[in-house]
Amino acid sequence: MDHFAYLDGVMHAENFPLPQIAEAVGTPVYVYSRATLERHARVFREALDAVPDKLIAFAVKSNPNLAVLKVLGRQGMGADVVSVGEMRRALAAGIAPDMIVFSGVGKTAAEMVAALDAGIGQFNIESEEEGIELAAIAAERGLTAQCTLRINPDVDAGTHDKISTGKADNKFGVPISEAGQIFGALASLPGVNLRGVAVHIGSQLADLAPLETAFGKLGALVTALRGAGHTITHVDLGGGLGVPYRVGEVLPAPAEYGAMVARVTKDWGVKLIFEPGRVIAGNAGVLLTRVVRVKRGIKDPFVIVDAAMNDLARPALYGAYHHFEAVTPTGARMTANIVGPICETGDTFAMGRECDGLEAGALAVFRTAGAYGATMASSYNSRGFVAEVLVDGDKFAVVADRIEAGAIMDAERVPEWLA
Ligand code: LLP
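Counting restarts for each chain: residues are numbered from 1 in the order of the written sequence. Per-residue local features are limited, in this predicted model, to residues with pLDDT of at least 70; the limit for side-chain atom pairs, both in listing and counting, is 80 or more; totals at the level of whole chains, interfaces and linings are taken over all residues. As a convention, hydrogens and water are excluded, and side-chain values are obtained from all of the structure's heavy atoms.

Caption draft 1: Spatial organisation of the overall build of the chain. For the chain, the helix and strand inventory stands at twelve helices and 21 strands. For the radius of gyration, the atoms used are the C-alpha atoms, and the globule rule reads 2.2 Å times the number of residues raised to 0.38. For a compact globule of 419 residues, the expected C-alpha radius of gyration is about 22 Å, and the chain comes in at 23 Å, within 12% of that figure. Referenced to the eigenvectors of the C-alpha coordinate spread, the extents of the chain come out at roughly 70 × 60 × 40 Å. Exposure is judged per residue with a 1.4 Å probe applied to protein chains only, and the accessible area is read against the type maximum: over 50% gives exposed, under 20% gives buried, and values in between give partly exposed. The buried share among the 419 residues of the chain stands at 54%. Calculation of accessible area relied on Shrake-Rupley with a 1.4 Å probe; when residues are assessed, cover is drawn exclusively from the protein chains displayed. Total accessible area on the chain is roughly 17,600 Å²; 53% of this is exposed by carbon and sulfur atoms. All tallies of charge rest on Lys and Arg as positive and Asp and Glu as negative; His and the ends of each chain are not included. In plain terms, the charge of a residue is placed at NZ if it is Lys, CZ if Arg, CG if Asp and CD if Glu. Across the chain, the centroid of the 37 positively charged side chains sits 3 Å from that of the 48 negatively charged ones. Counting from the N terminus, the helices are the DSSP runs of H or I reaching at least four residues and the strands are the DSSP runs of E reaching at least two.

Below, the structure written as structure tokens:
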């Protein structure tokens, strides 16, 4: 459930009419709802009530906006980060260092140093090579890095190939067949306290079965590691729970996920870490856009909006569906190709989509844009970086300025020898 709904025929975010945001900030603009973020955080937390010892670390990559992180931090969430940039955002939003988990296959030495100095709670080590390097860096500084070893369980998450992470040929984690041996090698190193294992098999999962399979494999590994004399106190179960993008689409609810987790992990006797991103932020945001013009097509008309693939990359990258609707629907319907202004055919949000009838100047939204939206923006075609707004009841604030194309150009230099 979210807080984007029509009041008197006008789409509002909570109690605030979207046309007033377009008027004040311009378009395209991402609009987030604080009440929705808080609701999703609460629902996810309550779904895991049966898990006694846990940390819910929001996957910052899904929406790193500082105000969003502030809202979620106040809900008691920690942060799952994959770069020092994300770590600094989580810290700046007031998230305690010990509630920060650092994942990612390419942590540099400089990032390890920065994360150790910040005193983050956990490193999820993704390879034997990384573990050896982290141990050396920590030991040299007289520190002990708290770590889990990320396991690649070789489970097909059944999601889009580009966001599957748990198959044997994906770059993530160590093969489960070698996990015991690698764990043993790393656990003996000074500088690391290897206290558990981690897994994340992919994103936008529409089925709990692959997760349950992966968690089952992890449970067996925990037993085997304990059998080999290791102390296992932490298991990180990653993120991945999908959200509905289409009207009427039904996905596993957080409560079903929580019940499955509680059942599978009940005898593990560990602290569980969760890294939800999309399920918290996805439906807490929309991308508000204005129709530039409607162009006749051979079959369907092209509705050309002022948002483009540089603002919302998911349709171009993954063929992703984002529900599209008018801010002030007239009742008219049309079948249209919804496209942005960028000069490649990939800048297409939908072909042959049945949607509200729209004319030049009308406002519309792409729904479910709160996760992997603004954060994946670029300045392609010398377009600026899209602005972001947070609504709270009957007020709103700009939480990320639009970075105009001119400001990006100002950061470029023509060398003297070309002048
Ligand atoms: N933990 C790890 C280690 C991850 O790699 C990810 C996502 C998450 C947690 C959060 O997953 P979530 O709960 O949001 O599914 N740009 C893509 C999604 C990429 C996800 C990458 N990893 C998209 O727009 O669909």
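Caption draft 2: Focus on the confidence of the model for the chain. Confidence of the predictor at the level of single residues is given by pLDDT, which spans 0 to 100. Per-residue pLDDT for the chain averages 97, and the proportion of residues at 70 or more is 100%. Mean pLDDT across the secondary structure elements of the chain bottoms out at strand 10 (residues 174–175), with 96, and peaks at strand 4 (residues 29–33), with 99.

Caption draft 3: Structural context of the pattern of salt bridges. Salt bridges are defined by distance alone: a side-chain nitrogen of Lys or Arg within 4 Å of a carboxyl oxygen of Asp or Glu. This structure, assessed with the given rule, holds 17 salt bridges. As a salt-bridge pair, Asp161 and Lys167 come within 3.4 Å of each other at their nearest N and O atoms. The class of Asp161 is exposed, set by a relative accessible area of 58%.

Caption draft 4: Geometry of the packing of helix 6 (residues 128–140) against helix 7 (residues 179–187). Relative orientation of the contacting elements helix 6 and helix 7 amounts to 10 degrees, with a least axis distance of 10 Å. Taken together, the axes of helix 6 and helix 7 lie roughly parallel to each other. Facing Glu128, Gly131 and Ile132 of helix 6, the residues of helix 7 in contact are Gln181, Ile182, Ala185 and Leu186. Of the residues belonging to the contact of helix 6 with helix 7, the class tally is four nonpolar, two polar and one charged. Here the axes come from fitting lines to C-alpha atoms, over the contacting stretch only for helices, and the angles between their N-to-C directions go from 0 to 180 degrees. Here roughly perpendicular refers to angles of 65 to 115 degrees, roughly parallel to angles under 35, roughly antiparallel to angles over 145, and oblique to all remaining angles. In what follows, residue pairs with any heavy atoms lying within 4.5 Å of each other are defined as contacts. Classification convention: Asp, Glu, Lys, Arg as charged; Ala, Val, Leu, Ile, Met, Phe, Trp, Tyr, Cys, Pro as nonpolar; all other residues, Gly among them, as polar.

Caption draft 5: Spotlight on the packing of aromatic side chains. Between 30 and 60 degrees the pair is tilted, below 30 it is stacked and above 60 it is edge-to-face, where a pair is any two Phe, Tyr or Trp rings, Trp via its six-membered ring, whose centres lie within 6.5 Å. Under the counting rule described, the total for this entry stands at eight aromatic pairs. Taking the centre distance of 6.2 Å and the plane angle of 20 degrees together, the rings of Phe102 and Phe123 count as stacked. In this pair, Phe102 is assigned in strand 7 (residues 100–102) and Phe123 in strand 8 (residues 122–125), connecting sequence segments 21 residues apart. Just as Phe102 is buried, Phe123 falls in that class too. Connected via pairs of aromatic rings, a cluster forms that spans Phe44, Tyr257 and Phe274. Positioned above the aromatic ring of Tyr321 is the side chain of Arg246, whose terminal nitrogen or guanidinium carbon lies 4.0 Å from the ring centre. It is Arg353 that lies over the ring of Tyr321; its NZ or CZ is 3.9 Å from the centre. Comment: the charge-over-ring label is applied if NZ (Lys) or CZ (Arg) is within 6 Å of the ring centre and within 35 degrees of the ring normal.

Caption draft 6: Examining the nonpolar core more closely. In these notes, a set of buried Ala, Val, Leu, Ile, Met, Phe, Trp, Tyr and Cys residues joined through side-chain atoms within 4.5 Å is what counts as a nonpolar core. One finds Phe215, Val235, Leu237, Tyr257 and Val261 to be the most contacted residues of the largest nonpolar core, which totals 103 residues. The greatest single-element share of this core, amounting to seven residues, is contributed by helix 8 (residues 209–227). Not counting residues up to four positions away in its chain, the partners in contact with Val261 are Leu48, Val51, Phe215, Leu237, Leu272 and Phe274. Membership of the second largest hydrophobic core comes to 18 residues, among which are Leu18, Val29, Val327 and Val365.

Caption draft 7: Examining the sheet that holds strand 3 (residues 16–17) more closely. By this definition, two strands are paired if DSSP reports at least two bridges between them. Pairing in this open sheet of three strands is antiparallel, and the strands run 1-2-3 from one edge to the other. Each end of this open sheet is capped by a strand with a single partner; those strands are strand 1 (4–7) and strand 3. Here two bridges tie strand 2 (residues 10–13) to strand 3, and the two strands are oriented antiparallel to one another. Following the sheet pairing, His12 is matched in strand 3 by Pro17.

Caption draft 8: Spatial organisation of the pairing of strand 2. Bridge count between strand 1 and strand 2: four bridges; the pairing is antiparallel. Paired with Tyr6 across the two strands is Met11, which belongs to strand 2. Connecting the antiparallel pair strand 1 and strand 2 is a turn made up of two residues, with Asp8 showing a positive phi of about 50 degrees. With antiparallel pairing between neighbouring strands as the criterion, strand 2 and strand 3 make up a hairpin whose turn holds two residues, including Glu14 at a positive phi of roughly 55 degrees.

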